[in-house]
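# Topology and contacts: notes
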Amino acid sequence: MTVFGYGRHSTSGQGLSEAAQRSSVDAYATAYLGGSGVHQWLYDTAVSGSKPIFERPEGLKLWALAQPGDHIVIAKLDRAFRKTLDGLRVLEMLDAKGVYFHCVQQKVDTYSPAGRAILTVLLAFAQLEREQTAERTKEALAVKRAAGLPSGPAVPIGWKKVGSGKTGRFVPDLLERSQVQQLVSLRSAGCSYDAIVEHMRGTRRPNGLEWNRNSVAKAIKAAARQFP
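Below is a short write-up of the structure. (Residues numbered from 1 in each chain as written. Predicted model: local features only at pLDDT ≥ 70, side-chain atom pairs only at ≥ 80, totals over all residues. Heavy atoms only, no water.)

## A short note on the overall build of the protein chain
When you go through the protein chain residue by residue, the secondary structure sums to 7 helices and 7 strands. Evaluated residue by residue, the protein chain yields a buried proportion of 36% over its 228 residues. For the protein chain, the share of sequence-separated contacts (at least 6 apart) that also reach a separation of at least 24 residues comes to 59%. Carbon and sulfur atoms provide 56% of the accessible area of the protein chain, an area that totals close to 13,000 Å². (Helix = DSSP H or I, 4+ residues; strand = E, 2+ residues; numbered from the N terminus. Buried < 20%, exposed > 50% of the residue type's maximum accessible area, 1.4 Å probe, protein only. Contact = heavy atoms within 4.5 Å. Areas by Shrake-Rupley, 256 points an atom, 1.4 Å probe, with all protein chains shown as cover.)

In structure tokens:
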């Protein structure tokens, strides 16, 4: 019997480093699978969780190496699956091969029909939670866009970002907005975009770049939304 541990890269915000995943998997294997811990650890980096586990580089090795009577242990379900049907297919493949599957977080496995049933329910709820989170994010972005507020990672014209990561926020960039108002005035006076660029030559935006035809057009369009 071989005990395989499997993990997948996680963003730092999720708090699931490779070391954390491996530690929890090894502790589980030691406690529940004979006391010798994980015999072989496989870890996928830089791969999307939406990709089926056995189509990932290390996941494919896992499928090839695991033999009847072996065990696969993961820290959390989302390290292996993102969708209910994907998870059910993988569990069916492992069952047909005689390989047992374990999840540390919920302490469930595929030894028994009850364990398989619980995993099916957990997979369904995990997908529901992800879809609800995505829907809430979509709604929040829609509200921001409707209010004329920045809604993406890029800093739009007329705004500047204060802070970084999840704590960062957008605030009006008054210097750039004053330049934009100058662009709008020139355009209203009948100047072409090229003429405006020539007029603004030598005037740098707060980000250090000079105005060009594309940024002038975007700025005038942004100003039409009145910079809430």
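## Some remarks on the packing of helix H5 (residues 174-188) against helix H7 (residues 213-223)
It is at 9 Å that the axes of H5 and H7 come closest, and there the two elements cross at 95°. Relative to H7, the element H5 is oriented roughly perpendicular. Facing H5, whose interface residues are Val180, Leu183, Val184 and Arg187, H7 presents Val216, Ala219, Ile220 and Ala223. Grouping the amino acids of the contact of H5 with H7 by side-chain chemistry returns 7 nonpolar, no polar and 1 charged. (Axes fitted to C-alpha atoms, helices over the stretch in contact; angles between N-to-C directions. Parallel < 35°, antiparallel > 145°, perpendicular 65-115°, else oblique. Nonpolar A, V, L, I, M, F, W, Y, C, P; charged D, E, K, R; others polar.)

## Regarding the sheet that holds strand E3 (residues 71-74)
Reading across from one edge, E2-E1-E3-E4-E5 is the order of the 5 strands in this open sheet, with mixed pairing throughout. Looking at the sheet topology across the chains shown, the edges are occupied by strand E2 (40-44) and strand E5 (108-109). Sheet analysis places strand E1 (residues 3-8) next to E3, joined by 4 bridges and oriented parallel. The residue bridging tyrosine 6 from the neighbouring strand is isoleucine 74, located in E3. Along the sheet, helix H1 (residues 18-32) contacts E1, E2, E3, strand E4 (100-103) and E5; its crossing angle with E2, the most-contacted strand, is approximately 150°. Lying on the sheet, helix H2 (residues 57-65) is in contact with E1, E2 and E3; it crosses E2 at an angle near 150°. (Pairing = 2+ DSSP bridges.)

## Here we look at the side chain of serine 215
When you line up the elements, serine 215 lands in helix H7. Setting aside chain neighbours within four positions, we find serine 215 in contact with Ile157, Arg205 and Glu210.

## Side note on the pattern of salt bridges
Scanning the entire structure with this criterion turns up 7 salt bridges. Of the charged contacts, one joins lysine 61 and glutamate 58 as a salt bridge, the two residues approaching to 3.0 Å between their closest N and O atoms. Placement of both lysine 61 and glutamate 58 in helix H2 is noted, with a separation of 3 residues, approximately one turn of the helix. Owing to a relative accessible area of 44%, lysine 61 belongs among the partly exposed residues under this scheme. In this structure, the salt-bridge partner of glutamate 210 is arginine 204, at a minimum N-O distance of 3.9 Å. (Salt bridge = Lys/Arg side-chain N within 4 Å of Asp/Glu carboxyl O.)

## Some remarks on H5
A rise of 1.5 Å per residue sets the reference length of H5, with its 15 residues, at 21 Å; its end C-alpha atoms lie 21 Å apart and thus fit the reference within 8%. Those residues of H5 that sit buried are Glu176, Arg177, Gln179, Val180, Leu183 and Leu186. Packing partners of the buried residues in H5 comprise strand E6 (159-162), strand E7 (169-172), helix H6 (193-199) and H7. Glycine 190 sits one or two positions beyond H5 and adopts a positive phi of about 100°. (Expected span 1.5 Å × (residues − 1).)

## A closer look at unusual backbone geometry
Phi at alanine 46 takes a positive value of approximately 50°, unusual for a residue other than glycine. Following the sequence through the fold, alanine 46 ends up in the loop between E2 and H2. Not every positive phi belongs to a glycine, and lysine 107 is a case in point at roughly 50°. With respect to the helices, strands and loops of the structure, lysine 107 is situated in the loop between E4 and E5.

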